[in-house]
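Summary of structural features
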Amino acid sequence: MARIISSTDCVACGTCIGECPVGAISEGDVYHIDPNVCIDCGACESVCPSGAISADE
């Protein structure tokens, strides 16, 4: 199951990008995780300072 970023909680700080081992996260006003690339490792979720990343259920 891929991870998603909450558009209301993401502060676009960039912390998650460096943690993604497969490059699934793209920058923008709100960051986005490509569900077709995400391997659901949770590395991005554990470093997100605003708690904006969670499992897509």
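Here goes a summary of the coordinates provided. (Residues numbered from 1 in each chain as written. Predicted model: local features only at pLDDT ≥ 70, side-chain atom pairs only at ≥ 80, totals over all residues. Heavy atoms only, no water.)

**What about the overall build of the protein chain?**
From N to C terminus, the protein chain includes one helix and four strands. Sequence-ordered secondary structure for the protein chain, helices as α and strands as β, is β-β-β-α-β. Over its C-alpha trace the protein chain gives a radius of gyration of 10 Å, about what one expects of a compact globule, namely 10 Å for 57 residues. Counting over 57 residues, the protein chain shows a buried share of 28%. When contacts within the protein chain are restricted to residue pairs at least 6 apart in sequence, long-range pairs at least 24 apart make up 58% of them. About 3,400 Å² of surface is accessible on the protein chain, with carbon and sulfur atoms providing 46% of the total. (Helix = DSSP H or I, 4+ residues; strand = E, 2+ residues; numbered from the N terminus. Rg over C-alpha atoms; globule rule 2.2 N^0.38 Å. Buried < 20%, exposed > 50% of the residue type's maximum accessible area, 1.4 Å probe, protein only. Contact = heavy atoms within 4.5 Å. Areas by Shrake-Rupley, 256 points an atom, 1.4 Å probe, with all protein chains shown as cover.)

**Notes on the environment of Asp34**
Considering the arrangement of structural elements, one finds Asp34 in the loop between β3 (32-33) and α1 (43-47). According to the relative accessible area criterion, Asp34 is partly exposed, its value standing at 29%. Linking Asp34 and Gly23, residues 11 residues apart in sequence, is a C-alpha distance of 8.9 Å. Among the polar contacts listed, one links the side chain of Asp34 to the backbone nitrogen of Asn36, at a separation of 2.8 Å. (Polar contact = N/O pair within 3.5 Å; in protein donor to acceptor, adjacent residues only side chain to side chain.)

**Brief notes about a nonpolar patch on the surface**
Side chains of Val22, Val37 and Ile39 sit close together on the surface and give an oily, nonpolar patch of about 220 Å² of accessible area. Tracing the sequence through the fold places Val37 in the loop between β3 and α1. (Patch = residues over 30% accessible without salt bridge, like charges linked within 9 Å, V, L, I, M, F, W, Y side chains within 5 Å. Salt bridge = Lys/Arg side-chain N within 4 Å of Asp/Glu carboxyl O.)

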